[in-house]
2 protein chains.
Amino acid sequence: MQLDELGASSSVRPRVVIVGGGFGGIAAARGLRNVPVDVFLIDRQNHHVFQPLLYQVATSNLDCADIAAPIRSVLHKQSRTWVAMGEVTGLDVGSRRVLTSSTRGELAVPYDYLVLATGVEQSYFGHDEFAAFAPGLKSLVDALAVRGKILRAYESAEIEEDPAQHQDLLTFVLVGAGPTGVELAGAIAEMARVSVRSDFRRVDPRKTRILLLDSGPRILAGFDESLAQKAQARLTRMGVEIRTKTHVEHVDEKAVVAGGQRIVSQNVLWTAGVKASPAGSWLRADTDRLGRVQVGQDLTVPGRPEIFVIGDTSVFEEKGKPLPGVAQVAIQQGRYVGRAIAARLKGGTLPQHPFRYSDRGNLAVIGKNFAILESHRIKLSGLPAWVAWATIHLGFLPQHQSQWRVLVTWASAYFSGARTARLILEGRFRPKPGALLP
Amino acid sequence: MQLDELGASSSVRPRVVIVGGGFGGIAAARGLRNVPVDVFLIDRQNHHVFQPLLYQVATSNLDCADIAAPIRSVLHKQSRTWVAMGEVTGLDVGSRRVLTSSTRGELAVPYDYLVLATGVEQSYFGHDEFAAFAPGLKSLVDALAVRGKILRAYESAEIEEDPAQHQDLLTFVLVGAGPTGVELAGAIAEMARVSVRSDFRRVDPRKTRILLLDSGPRILAGFDESLAQKAQARLTRMGVEIRTKTHVEHVDEKAVVAGGQRIVSQNVLWTAGVKASPAGSWLRADTDRLGRVQVGQDLTVPGRPEIFVIGDTSVFEEKGKPLPGVAQVAIQQGRYVGRAIAARLKGGTLPQHPFRYSDRGNLAVIGKNFAILESHRIKLSGLPAWVAWATIHLGFLPQHQSQWRVLVTWASAYFSGARTARLILEGRFRPKPGALLP
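Residues numbered from 1 in each chain as written. Chains lettered and ligands numbered in written order. Predicted model: local features only at pLDDT ≥ 70, side-chain atom pairs only at ≥ 80, totals over all residues.

### Points about the overall build of chain A
When its secondary structure is counted, chain A shows 11 helices and 27 strands. Since a compact globule built from 438 residues should have a radius of gyration of about 22 Å, the 23 Å found for chain A is in line with a globular shape. Once the C-alpha set of chain A is aligned to its principal axes, its extents read approximately 70 × 60 × 45 Å. Scored against the burial criterion, the 438 residues of chain A give a buried share of 56%. Sequence-distant contacts in chain A: of pairs separated by 6 or more residues, those separated by 24 or more amount to 65%. (Helix = DSSP H or I, 4+ residues; strand = E, 2+ residues; numbered from the N terminus. Rg over C-alpha atoms; globule rule 2.2 N^0.38 Å. Buried ≥ 20, exposed ≤ 12 C-beta atoms within 10 Å, placed from the backbone. Contact = placed C-beta atoms within 7 Å.)

In structure tokens form, the structure reads like this:
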């Protein structure tokens, strides 16, 4: 295939192309800042998102710019790093080219080393038709859509004169009780009980019903069981109904069918299930059942030592267990790639010491003043874990300025309960006069 | 017409229905807080927007929640005020009902007093086909669309290898040199020169070309001529090309034709021209050529003393000149309506003293450290006016918490030049794999 080349370079430096500006891609790019290579990072978004706080954008506490930063601004100090916005459509591993689609049409980007850090997409387990009724939470645009869905539920209930219908209109069903489902359920409960309580006249927001479903035997499968139990107790006290071993069979615009029971709800949110982005099929490599690429001990594709696949895009087993799909894994793998490429450039075909994950622990937050924290032998729950959660998340925000903004917002929300980003924005570009609302 | 009634009430208090939650509608609702009436405010958005700072959302400095607040949260302390989200489709002035469309279908809302504060819409002077290529700036969603258009221009230029095309890709044409056009031009110039300068590798953002067109003889027609000249000098020094007496004849996806000349630009922004919302046609009342309702000295429609039309929705002449379409007029008229209804309830058909506008002055800001201020005999320009501008705008933000957030953002932007909300968000809900980007 003969394509125009994007960024053909006369540089003698080897070129590292990174696909994806999430935790893994950014860590890889940063890890290469002092390595004599040209870095070329492609993402279809112009921004990096701090995903652990997406649920706060969805529940009207934070706004988009608080948890996101332009990728090119994150990396602007690295003069040999070039960021481009475009969609990767495939790979030509033979001629070492990434195939992209952009405003300039189809273009090929040559590489010497390739880092695939394309993350995951929402998976509806073969039921993509659920997507129209049950948005997921993977991007800022998703978060705005979820936010709009939650806020519209209250707006609809407020103009519904039949109190018997309020309960149905304010029934939220969250499918999947991993960290996202648990954190979102806690935040919606908090919002209903505190933030919007005095804002409505006809409907009582305390009528909000939140169901948290999971097909597994318990919530927070990635956490220690005793902590998950504490989280479950906290959620239950906040009014969240938890149903485990409950499989979702059907979702439409009016209801969800789960565990054989029909639950009337127009507010179904999908917090379960991911599948890998199509990197596996671009590579025609071996993948696991989630589509994640099987990589070697040095994170490269077997037989392709110049191609690294990191973060959620690959599956890496340690002690017979795959590493979890969390930011820390992606970040550490990104850094490892930086070191690995540097070592190879120095030592030729120097054998690489294998990637080793250093588990820093795991956190989940439930409403105000309560989180669970698990790190090595430490198991914390309640206020101390919540303070740790807030400090750590504040510290890791992608923009320095955002840390101040979020601190102000959290402090104010802590004392007043206000959620200031309660804005219905999505899907209403240039509305036609007379369009049906809300 | 027999419709279901929305919010039928057994209250013996008279009911005031307010249509629109902008400056006028909110001021009217607040003005009625201690008056023995039930207030019912309808808006098709769930939020009030502080419109004077929309251009900062469009130029990536502020985020949506900084300049907007949920209407029901603004009014939540008024227990006899009810806010509903819905679209008004017409009026039945005979039976005193507002006709609405909402999730509950077509509903009628009965009123004793009606306040129409529906604002203005963008006007393309009979060329609605321009709208697809030249977004206006009237709502948060508009601001996100303009922001996306500006940021995409740089993203497209960055992957364009032919430097000859960079100039075209970075040509911004602003149609209309009123305050919105002037402030937007200044902010884009500032962004190009400072905020994004070090973020690009292939394109030089200083190549940004900004044309500010107006069909009138000078910019800022609403300001004193000497101040407008100072603003013009400032803009020119920032690199903005100003073309007055230039009429836009055509806009399409590739170019704009103005004053007989074709300017290649995919970045046309519409900062000219408004037309009144359809309140005039609902009322079948006399309107001016912009569709604004002619009201009497007490802001009511002739022959309909129970219907007030305020803000940009009406035209009110003082000393033979119509009042300008600014926030202060709407706010003062809203307050007047509150007092007028209170007086009528107390005194029966007490003749109302006429509305009188107290002009507090006029402000426009151009980039950093420069604004113009005109108030009675005071005419200021430069840094003192800029300090006044920043202080006044900070003070009038709709949410207390936002004041702190905006202060942090402005302080940081002042010293670092950073614009932290450079996020392309609009129009990308659940993108299909392989969709063309950017």
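### Focus on the environment of proline 163 of chain A
Residues and elements named next belong to chain A. In this structure, proline 163 sits in helix 5 (residues 163-169). On the basis of neighbour counts, which here come to 12 C-beta atoms within 10 Å, the residue proline 163 falls in the exposed class. For the pair proline 163 and arginine 202, spaced 39 residues apart in sequence, the C-alpha to C-alpha distance is 8.4 Å.

### Structural notes on the sheet that holds strand 6 (residues 87-92) of chain B
Residue and element names in this part refer to chain B. Pairing is antiparallel in the open sheet, where 3 strands are placed in the order 6-7-8. Every other strand in the sheet has two partners, leaving strand 6 and strand 8 (105-110) as the edge strands with one partner each. For this sheet the average axis-to-axis angle between neighbouring strands, irrespective of direction, equals 25 degrees. Here 5 bridges tie strand 6 to strand 7 (residues 97-102), and the two strands are oriented antiparallel to one another. Note on strand 7: the bridge partner recorded for glutamate 87 is serine 101. (Pairing = 2+ DSSP bridges. Axes fitted to C-alpha atoms, helices over the stretch in contact; angles between N-to-C directions.)

### Overview of unusual backbone geometry
Negative phi values dominate among residues other than glycine, just as trans dominates among peptide bonds. Residues and elements named next belong to chain A. Of note in the backbone geometry, lysine 245 takes a positive phi value of approximately 50 degrees without being a glycine. Relative to the assigned elements, lysine 245 resides in the loop between strand 13 (240-243) and strand 14 (248-251). C-beta crowding within 10 Å serves as the criterion here: with 11 such atoms nearby, lysine 245 is assigned to the exposed category.

### Digging into helix 4 (residues 140-158) of chain A
With 19 residues, helix 4 of chain A ought to run about 27 Å at 1.5 Å a step, and its terminal C-alpha atoms sit 27 Å apart, in line with that. The buried fraction of helix 4 of chain A amounts to 19 of the 19 residues, a majority that puts the element mostly inside the structure. (Expected span 1.5 Å × (residues − 1).)

### Considering the environment of phenylalanine 133 of chain B
Residues and elements named next belong to chain B. By secondary structure assignment, the location of phenylalanine 133 is in the loop between strand 10 (120-122) and helix 4 (140-158). With 134 residues separating them in the primary sequence, phenylalanine 133 and asparagine 267 have C-alpha atoms 7.9 Å apart. Not counting the four nearest positions on each side in its chain, phenylalanine 133 is found in contact with Val251, Asp252, Glu253 and Val268.

### Looking at the packing of helix 1 (residues 23-31) of chain A against helix 9 (residues 327-347) of chain A
Residue and element names in this part refer to chain A. The geometry of helix 1 relative to helix 9 is characterised by a closest axis approach of 7 Å and an angle of 30 degrees between their N-to-C directions. Regarding the angle of helix 1 to helix 9, the classification is roughly parallel. The element helix 1 and its partner helix 9 pack so that their crossing is right-handed. Contact with helix 1, carried on its side by Phe23, Gly24, Gly25, Ile26, Ala27, Ala28 and Gly31, involves Ala327, Ala330, Ile331, Gln333, Gly334, Arg335, Val337, Gly338 and Arg339 of helix 9 and no other residues of that element. Here the contact of helix 1 with helix 9 is built from residues that sort into 8 nonpolar, 6 polar and 2 charged. (Parallel < 35°, antiparallel > 145°, perpendicular 65-115°, else oblique. Left-handed = near helix turned anticlockwise from the far one by under 90°. Nonpolar A, V, L, I, M, F, W, Y, C, P; charged D, E, K, R; others polar.)

### A few points about the relation of the copies chain A and chain B
Laying chain A over chain B is done by rotating through 180 degrees and shifting 0.0 Å along the axis; what remains is an RMSD of 0.0 Å. Taken together, the rotation and translation describe the operation of a two-fold axis. Among all C-alpha atoms of chain A, that of arginine 405 of chain A lies closest to the rotation axis, at 2.6 Å. A symmetric contact is evident, with 97% of the interface residues of chain A recurring at the interface of chain B. (Least-squares fit on C-alpha atoms with pLDDT ≥ 70 in both.)

### Side note on the interface of chain A and chain B
Of the residues lining the interface, 62 residues belong to chain A; the matching set on chain B comes to 61 residues. Elements that contribute at least two residues to the side of chain A that touches chain B include exactly strand 4 (68-70), helix 3 (71-74), strand 5 (81-85), strand 6 (87-92), strand 7 (97-102), helix 4 and helix 11 (400-416) of chain A. Its residues placed into classes, the side of chain A that touches chain B shows 27 nonpolar, 20 polar and 15 charged.

### Focus: the sheet that holds strand 26 (residues 371-375) of chain B
All names here are of chain B. Strand order in the open sheet formed by 3 strands is 25-26-27, with antiparallel pairing between adjacent strands. Both edges of this open sheet fall to strand 25 (362-365) and strand 27 (378-382), since each of them pairs with a single strand only. Sheet twist, expressed as the average angle between the axes of neighbouring strands with direction ignored, equals 5 degrees. Judged from the 4 bridges that link them, strand 25 and strand 26 form a sheet pairing that is antiparallel. Bridging from a neighbouring strand, leucine 363 pairs with leucine 373 of strand 26.

### Things to note about the confidence of the model for chain A
Residues and elements named next belong to chain A. Overall, the predicted model of chain A reaches an average pLDDT of 91, with 94% of residues at or above 70. Throughout residues 427-438 the model reports pLDDT below 50, and contacts reaching past four residues in sequence, or to other chains, amount to 26 contacts. The ipTM for the predicted assembly is 0.92, set against a pTM of 0.93. (pLDDT = per-residue confidence, 0-100.)

### Details of the environment of serine 381 of chain A
All names here are of chain A. Positionally, serine 381 belongs in strand 27 (residues 378-382). Given 21 C-beta atoms within a 10 Å radius, serine 381 is considered buried. C-alpha separation for the pair serine 381 and alanine 371, spaced 10 residues apart in sequence, amounts to 5.6 Å. When sequence neighbours within four positions are dropped, the list of residues in contact with serine 381 reads Leu227, Lys230 and Ile372.

### Focus: helix 9 (residues 327-347) of chain B
Residue and element names in this part refer to chain B. Between the first and last C-alpha of helix 9 there are 30 Å, a value that for 21 residues agrees with the 30 Å anticipated at 1.5 Å per step. Among the residues making up helix 9, those that are buried are Val329, Ala330, Ile331, Gln332, Gln333, Gly334, Tyr336, Val337, Gly338, Ala340 and Ile341. Tucked into the core, helix 9 has its buried residues touching strand 1 (15-19), helix 1 (23-31), strand 9 (113-116) and strand 21 (304-309).

### Overview of the pairing of strand 13 of chain A
Two faces, one strand: in a regular strand the side chains alternate between the faces of the sheet. Residues and elements named next belong to chain A. Residues of strand 13 alternate between two faces, with Val240 and Ile242 buried on one and Glu241 and Arg243 left unburied on the opposite face. Pairing analysis gives 4 bridges linking strand 12 (residues 209-213) to strand 13, with the strands arranged parallel. The residue bridging leucine 213 from the neighbouring strand is arginine 243, located in strand 13. Assessed by its sense of winding, the connection that carries the chain from strand 12 through helix 7 (residues 225-237) to strand 13 is right-handed. (Right-handed = clockwise from strand over helix to strand, strands pointing away.)

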